Amino acid sequence: MNKIQAMARIMVLLNENGLLKPGSPVYKAVRKMAADKIDRLGPDAALLQIMDRKDQLLDQIRMLNMWYKVGRRLPPPDYW
């Protein structure tokens, strides 16, 4: 699998119930996190690691979405 295929699979995996809206700050943060993992670990290992941590990552995405909805009155959570 190449980098583009891994990124596509990761984004589909993490976009459960439409949590990620293309162009949103959360979407961009998730893509950056995925790209960094792919660069560090390689496409296959990055996908496996994200699959293993899917539930935790989805919780973090929900938290980031809520943070942006409340107007960013608190510092952003530092997850990645």
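Because the structure is a prediction, the values reported are computed rather than measured. (Residues numbered from 1 in each chain as written. Predicted model: local features only at pLDDT ≥ 70, side-chain atom pairs only at ≥ 80, totals over all residues. Heavy atoms only, no water.)

**Q** For this particular structure, what's the right way to read the confidence of the model for the protein chain?
**A** Reading predicted coordinates in detail is not appropriate for stretches of low pLDDT. Mean pLDDT over the protein chain works out to 88, with 88% of the residues at or above the 70 mark. Confidence, read as mean pLDDT per element, is least for helix 4 (residues 54-69) in the protein chain (88) and greatest for helix 3 (residues 43-52) (96). (pLDDT = per-residue confidence, 0-100. Helix = DSSP H or I, 4+ residues; strand = E, 2+ residues; numbered from the N terminus.)

**Q** What is the right way to look at unusual backbone geometry in this model?
**A** What is expected of a backbone is that most residues other than glycine have negative phi and most peptide bonds are trans. Unlike most non-glycine residues, Asn 17 shows phi in positive territory, near 55°. Structurally, Asn 17 is set in the loop between helix 1 (3-14) and helix 2 (25-41). Owing to a relative accessible area of 72%, Asn 17 belongs among the exposed residues under this scheme. (Buried < 20%, exposed > 50% of the residue type's maximum accessible area, 1.4 Å probe, protein only.)

**Q** Help me out: how do you make sense of the pattern of salt bridges in this one?
**A** Between side chains of opposite charge, a pair can form when the charged atoms approach closely. Inspection of the entire model under this criterion finds five salt bridges. Among the ionic pairs, Lys 3 bridges to Asp 39, the shortest N-O distance being 3.3 Å. Remark: Asp 39 occurs in helix 2 and Lys 3 occurs in helix 1; sequence separation between them is 36 residues. A salt bridge links Arg 62 to Glu 16; the shortest N-O distance between them is 3.8 Å. (Salt bridge = Lys/Arg side-chain N within 4 Å of Asp/Glu carboxyl O.)

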